[in-house]
Amino acid sequence: MEFGINKTKFMNTRSLVIALVAVGAVTGGNLWIHSGDPALGFNRYNKFDISFDYDMRMQLREADLGGYSAPTDTVGSVQVSYQDGDYLQQYGVSWAKPKVIPNYFERSPEGALDYFFENVGMGGTQIVERSECKTTTSGGHEVIHQTFGVPDGGYTIPGIIGAWYCDETGRYRIFYLIYVPDFESIEVPYGGLEQMWSDLLGGLTCHVT
Ligand SMILES: [Zn+2]
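Residues numbered from 1 in each chain as written. Predicted model: local features only at pLDDT ≥ 70, side-chain atom pairs only at ≥ 80, totals over all residues.

What the protein chain contains, in helices and strands, is three helices and nine strands. In the protein chain, the succession of helices and strands from N to C terminus is α-β-β-β-β-β-α-β-β-β-β-α. Looking at the 209 residues of the protein chain, the share that counts as buried comes to 30%. Considering only intrachain contacts with a sequence separation of at least 6, the fraction spanning at least 24 residues in the protein chain is 49%. (Helix = DSSP H or I, 4+ residues; strand = E, 2+ residues; numbered from the N terminus. Buried ≥ 20, exposed ≤ 12 C-beta atoms within 10 Å, placed from the backbone. Contact = placed C-beta atoms within 7 Å.)

Take a look at the structure:
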């Protein structure tokens, strides 16, 4: 599991912002994503009972939760990211069957979040400022979510993460977003982050119905 900045540069900021708006407009809160092909300029991820469309200029990476080997039906993670200079966006889905979560974590979405953050920490990424959890509903599941920060290179990158139990597939699911529109003015209001996270989550298929 890897958060943060690298020096890749392959797209200008303005065109990505426009594409992001299109993600929300096309997939937000409806069933469009379940049928037909991805919209022009988008790829579709469709494995492990998870499906979502993402801007094809984003880089996709899959791994287990530790980032050491390939994802499996039991535990895994898929992440898409884009960075251009002062702009950073990264989001992804992780999953774990209850049996792989160590006993010292609660069998609950809160416990799944703690387990996820333990893996992030073991990967060398520090997480700060985890907020109180709030609850929302998406895809027929009750989803808890909180904001967090990732200290990186003198900045604290804001993030938001949610977790739920998918009883249809028997796995905990986690969906997170980190987003910095401009490193020159990094004080992103968490409210805007939550809306973006919520729109992206609305485009995610968590289980096939
Ligand atoms: Zn589900």
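Let us look at the confidence of the model for the protein chain. Summary statistics for the protein chain give a mean pLDDT of 80 and a share of 80% for residues scoring 70 or more. Scored below 50 in pLDDT, residues 5-34 makes 40 contacts in the model with residues more than four places away or belonging to other chains. (pLDDT = per-residue confidence, 0-100.)

What follows deals with the sheet that holds strand S3 (residues 59-63). Judged by pairing direction, the sheet is antiparallel, and its seven strands sit side by side in the order S3-S4-S5-S9-S8-S7-S6 without closing on themselves. In this open sheet, the two edge strands, each paired with only one partner strand, are S3 and strand S6 (134-138). Sheet twist, expressed as the mean angle between neighbouring strand axes with direction ignored, is 25°. Across the sheet, helix H2 (residues 109-122) is in contact with strand S5 (87-96), strand S7 (141-152), strand S8 (155-166) and strand S9 (171-180); its angle to S8 comes to roughly 135°. (Pairing = 2+ DSSP bridges. Axes fitted to C-alpha atoms, helices over the stretch in contact; angles between N-to-C directions.)

This part is about unusual backbone geometry. Located in the positive-phi region is phenylalanine 48, a residue other than glycine, with phi close to 55°. Turning to its location among the elements, phenylalanine 48 is positioned in the loop between strand S1 (42-47) and strand S2 (50-55). The exposure class of phenylalanine 48 is partly exposed, given the 19 C-beta atoms found within 10 Å.

To continue, consider the nonpolar core. In terms of nonpolar packing, the biggest core is built from 38 residues, with Ala96, Ala112, Phe116, Ile174, Tyr176, Leu177 and Ile178 touching the most fellow members. Elements represented by at least two residues in this core include exactly S2, strand S4 (75-84), S5, H2, S7, S8, S9 and helix H3 (190-202). With eight residues, S9 is the single largest residue contributor to this core. Those residues within four positions of phenylalanine 116 in sequence are excluded, and the remaining contacts are Leu65, Ser94 and Ile174. (Core = buried A, V, L, I, M, F, W, Y, C linked by C-beta atoms within 7 Å.)

The next thing to look at is the pairing of S8. Relative to S8, S7 runs antiparallel, the two being bridged by nine bridges. Its bridge partner being in S8, threonine 147 is matched across the sheet by isoleucine 160. Turn length for the S7-S8 hairpin, with the two strands adjacent in sequence and antiparallel, is two residues, and the turn residue glycine 153 shows positive phi of about 60°. Hairpin connection between S8 and S9: a loop of four residues separates the two successive antiparallel strands, and glycine 170 in this loop has a positive phi of roughly 70°.

So, on to the pairing of S5. Two faces, one strand: in a regular strand the side chains alternate between the faces of the sheet. Within S5, nine of the ten residues are buried, which leaves the element mostly enclosed by the surrounding structure. Sheet topology note: the S4/S5 ladder contains ten bridges and is antiparallel. Looking at S5, one finds that valine 78 is bridged to valine 93. Between S4 and S5, which pair antiparallel one after the other, the connecting turn spans two residues, and glycine 85 there sits at a positive phi close to 55°.

This paragraph deals with the environment of methionine 58. Mapped onto the elements of the fold, methionine 58 is located in the loop between S2 and S3. Residue methionine 58 is classed as partly exposed on the basis of its C-beta count, with 19 C-beta atoms lying within 10 Å. Along the sequence, methionine 58 and serine 81 sit 23 residues apart, while their C-alpha atoms lie 5.2 Å from each other. If near-sequence neighbours (up to four positions away) are discounted, methionine 58 is found in contact with Val80, Ser81 and Tyr82.

A few words now on H2. When the terminal C-alpha atoms of H2 are compared, their 20 Å separation across 14 residues agrees well with the 20 Å that a helix rising 1.5 Å per residue should span. All buried positions along H2 are accounted for by Pro109, Ala112, Leu113, Tyr115, Phe116 and Val120. For H2, the buried positions fall inside an angular range of 160° around the axis, keeping them on one side. Facing away from the buried side of H2 by more than 90 degrees, the exposed set consists of Gly121 and Met122. Looking at the buried side of H2, the elements it contacts are S5, S7, S8 and S9. Two residues or fewer past H2, glycine 124 is found with a positive phi of approximately 100°. (Expected span 1.5 Å × (residues − 1). Arc of directions from axis to C-beta.)

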